[in-house]
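# Descriptive structure summary
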Amino acid sequence: MTESLQPGSIVLFHNAALHTPEALPSILEFMQQNGYTVVPIGQLIYTENYTIDHAGRQWPAREEKTAS
C-alpha cells in the first residue's frame, strides 16, 4: 500500500476491514516518518466557494453573473 503514496494522496481505511486495526499504526508511522501529514478528511474539503463534481473532485465555484 505505501508504494502508491504520493503528495496529495488520500488514504481511506474502512472501519470494518479485517486487518485495519493491526495495520493502521505501522502505516501511519511510515507516512509520518516519510514527511506526510496525516489529517482528517474534513480538513481537506473546502466548504466555501467550491463545488464537488460527480467524481468527487473539488473545483472553485463559478461566479454567477447577474444581469445589470
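The structure this text deals with has already been given above.
Report on the accompanying structure. Every chain begins its residue count from 1, and numbering advances along the sequence as written. A pLDDT threshold of at least 70 governs which residues receive local features in this predicted model, and a stricter bar of 80 or more applies before side-chain atom pairs are shown or counted, although totals over entire chains, interfaces and linings include all residues. Side-chain figures throughout are based on the complete set of non-hydrogen atoms in the structure, without hydrogens or water.

So, about the overall build of the protein. By the criteria applied, helices consist of DSSP H or I runs no shorter than four residues and strands consist of E runs no shorter than two, each listed in order from the N terminus. Helix and strand content of the protein: 1 helix and 2 strands. Element order for the protein, N to C, with α for helix and β for strand: α-β-β. Looking at the protein as a whole, 6% of its 68 residues are labelled buried. Only heavy atoms enter the contact rule, under which two residues are in contact if any of them lie within 4.5 Å. Look at the contacts in the protein between residues 6 or more apart in sequence, and 25% of them connect residues 24 or more apart. Each accessible area value is a Shrake-Rupley result obtained with a 1.4 Å probe; residue values ignore everything except the protein chains displayed when judging cover. For the protein, the exposed surface amounts to about 6400 Å²; the carbon and sulfur share of it is 54%. Only protein chains enter the accessibility calculation, which uses a 1.4 Å probe; a residue is then buried when its area is under 20% of its type maximum, exposed when over 50%, and partly exposed in between.

Turning our eyes to something else, we now look at unusual backbone geometry. With phi around 65 degrees, Asn-49 is a residue other than glycine that occupies positive phi space. Summarising the element assignment, Asn-49 is placed in the loop between helix 1 (20–33) and strand 1 (50–52). With a relative accessible area of 63%, Asn-49 lands in the exposed category.

Here we take up the side chain of Thr-20. Mapped onto the elements of the fold, Thr-20 is located in helix 1. Ignoring sequence-local partners within four residues, the contact set of Thr-20 consists of Phe-13 and His-14.

With that out of the way, let us pick up a nonpolar patch on the surface. A patch is a set of surface residues, each over 30% in relative accessible area and not in a salt bridge, joined within 9 Å for like charges and within 5 Å for the nonpolar side chains Val, Leu, Ile, Met, Phe, Trp and Tyr. Put simply, a salt bridge is a Lys or Arg side-chain nitrogen that is within 4 Å of an Asp or Glu carboxyl oxygen. On the surface, a cluster of nonpolar side chains totalling about 510 Å² of accessible area is made up of Ile-10, Val-39, Ile-41, Leu-44, Ile-45 and Ile-52. Structurally, the position occupied by Ile-52 is in strand 1.

With 14 residues, helix 1 should reach 20 Å at 1.5 Å per residue; the first-to-last C-alpha distance of 20 Å fits that figure. Residues of helix 1 that are buried: Thr-20, Ile-27 and Met-31. Around the axis of helix 1, the buried residues are gathered within 40 degrees of arc, so they sit on the same side. Helix 1 presents Glu-22, Pro-25, Gln-32 and Gln-33 as exposed residues on the side facing more than 90 degrees away from its buried surface. Just past helix 1, the residue Gly-35 takes up positive phi, approximately 85 degrees. Expected span, for any helix, means 1.5 Å times one less than how many residues it has. When we speak of the arc, we mean the arc of directions from the helix axis to the C-beta atoms.

Our next topic: the environment of Thr-2. Position of Thr-2 among the secondary structure elements: in the segment before helix 1. Since its relative accessible area comes to 27%, Thr-2 is described here as partly exposed. It is 7.9 Å that separates the C-alpha atoms of Thr-2 and Met-31, two residues lying 29 residues apart in sequence.

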